[in-house]
Amino acid sequence: MNQWLMPVSAANAELRHAAEIVAEMVGENAEYFSYIDAAVRDESLEYMEDRVLFRDLLSADVETKSASVLPFAEDFARLAESGDAMTKSGEEQMDAEKLMAYLRDNNISIYCPFPLEDYAEDNRIPAICTIVSDNLDSLPGVQYHADGTFEDVIVSQAYADEHPVWIIRHEDDYIFDSLNLRGNVSGEILEDDVRVPRANVGEVVYKPQVKHYETIVTSLYCSDYYGGVGEGELKIVLCFNSTEPAYSQEKKCFVTALNNLRSTFVPRKNVRWAKRGYDKGWVHVGFSFSKDWTKQEFQKYMAAYEEDPRGSKTKKYIANLGYEGKGVDAGANVEVSVTVYEDDDIITCEPVPRDWFFEKVLKYGSATWYTDDKVTRKTALDGNYMMSAGSGLLLSVKCEKWYTPQTWNPGIEGGTVIKPGGTVVGNIH
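Described in the following lines is the structure provided in the data block. (Residues numbered from 1 in each chain as written. Predicted model: local features only at pLDDT ≥ 70, side-chain atom pairs only at ≥ 80, totals over all residues. Heavy atoms only, no water.)

**A few points about the pairing of strand β22 (residues 393–404)**
Consecutive side chains of a regular strand alternate in pointing toward one face of the sheet and then the other.
Item 1. In the sheet, strand β7 (residues 210–222) pairs with β22 via 12 bridges, with the strands oriented antiparallel. The residue of β22 that forms the bridge with V217 is V397.
Item 2. Both strand β21 (residues 385–388) and β22 contribute to a ladder of four bridges, which runs antiparallel. Each residue of the ladder has a partner; that of M387, found in β22, is L395.
Item 3. Linking two consecutive strands that pair antiparallel, namely β21 and β22, is a turn of four residues; a positive phi of about 110° is found at G390 within it. (Pairing = 2+ DSSP bridges. Helix = DSSP H or I, 4+ residues; strand = E, 2+ residues; numbered from the N terminus.)

**Topic: the packing of helix α1 (residues 13–28) against helix α5 (residues 96–105)**
Item 1. It is at 10 Å that the axes of α1 and α5 come closest, and there the two elements cross at 105°. With respect to α5, the axis of α1 lies roughly perpendicular. Contact residues: E14, L15, H17, A18 and I21 in α1; L99, Y102 and L103 in α5.
Item 2. Along the lines of polarity and charge, the residues of the contact of α1 with α5 split into six nonpolar, one polar and one charged. (Axes fitted to C-alpha atoms, helices over the stretch in contact; angles between N-to-C directions. Parallel < 35°, antiparallel > 145°, perpendicular 65-115°, else oblique. Contact = heavy atoms within 4.5 Å. Nonpolar A, V, L, I, M, F, W, Y, C, P; charged D, E, K, R; others polar.)

**Considerations on the environment of I175**
Item 1. Inspection of the secondary structure puts I175 in the loop between β6 (165–170) and β7.
Item 2. Judged by its relative accessible area of 0%, I175 falls in the buried class.
Item 3. The spacing of I175 and Y47 is 128 residues in sequence and 5.3 Å in space, taken between C-alpha atoms.
Item 4. Those residues within four positions of I175 in sequence are excluded, and the remaining contacts are Y47, M48, R51, L53, N180 and L181. (Buried < 20%, exposed > 50% of the residue type's maximum accessible area, 1.4 Å probe, protein only.)

**Let's talk about the sheet that holds β22**
Strand-to-strand pairing in sheets goes through backbone hydrogen bonds, with the strands running parallel or antiparallel.
Item 1. In spatial order, the strands read β12-β7-β22-β21; together these four strands make up an open sheet with antiparallel pairing. The open sheet has two free edges, formed respectively by β12 (283–290) and β21, since each of these has just one partner strand. Going from strand to strand, the sheet's axes swing by 35° on average, the running direction of each strand aside.
Item 2. The sheet strands contacting helix α7 (residues 268–275) are β7 and β12, and the helix crosses β7 at an angle near 90°.
Item 3. In the packing of helix α8 (residues 354–364) onto the sheet, contacts are made with β7, β12, β21 and β22, and the angle to β21 comes to roughly 130°.

As structure tokens, this is what we get:
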């Protein structure tokens, strides 16, 4: 059997041992490839797609959810108790029950960043690897072949572009959040994300009504990985000011802190699809970045970055925007006032002028890509128009209009004249 290629830290010993045991299992019985793949794709599991937790693989009922009926827990325990898989690198044997309890209790998963069906039919045997250090770009693993042979490999994003991979890794609690659950194609919109105007029964509609404009990022399309395959899904953070940015003539920069942020977890497979130009690369966001974008707010301020789990030191990002508008000097430097860490990837940092957004983006914003069957697309998958949010990132955006009654505005043609408090005093025709 293979020798793993990198030293393992004590903190990752359990992951290392689990990976070795899984490698032994598929070496004994190739049907485990389809068994684990079916478990990864199981729509009944109540957490983020593209993975299966060991707690489910080791449970008594997971066999009924998968294509094959195999004694996963029994075979895992048998190989763990034998000590064969655990001692190939000269390490001490780990108690099998303690190892299985650790895998159950600590959200350890088999993570499949890209579906096996994305690869050619003769190239669907995944390499099995794990994270054994802080290096998330190159992971030691073993690659099986159809003829039963295997070889030691180093799994990187470039390797995963050519061959499917399974990664033994720890999962964070965000995989259980309602917005991230598998099968949630359109995304579950939170209560305060999108305002839906409702007319109460018997409500008197007064004219003219006050019109409001809610602007929404419905989905995003990312074609850059911004990190190694071991990092898993991308965490794209979108940031907007909900009010007009304060601009300091003295400092020549905006001084308002960003107070409206949304984090979206982007599955790695969606990035792969976006790189190929497929419309299935879109990921639902449902982010209302302005409940009411008034004409007085001539621009919003936007930043976007990919949050890196290895970041440790704060840094300041300054962008030379070169935007000339009301009260803003051309070439003004704008400071991102969010916490951005050393390894975070800044995607964009720019103002969004209201006239440009309403007159250009919401009417003509477009890009070209293709469906799987090569049908040309000019609008986003949800039918909305798009704006570029920096290199490798498109946003699908829309505007929802909502209304409030005009309660006191005499002299406006077509309006109902109402005293403060609601007493109707007459109509203007």
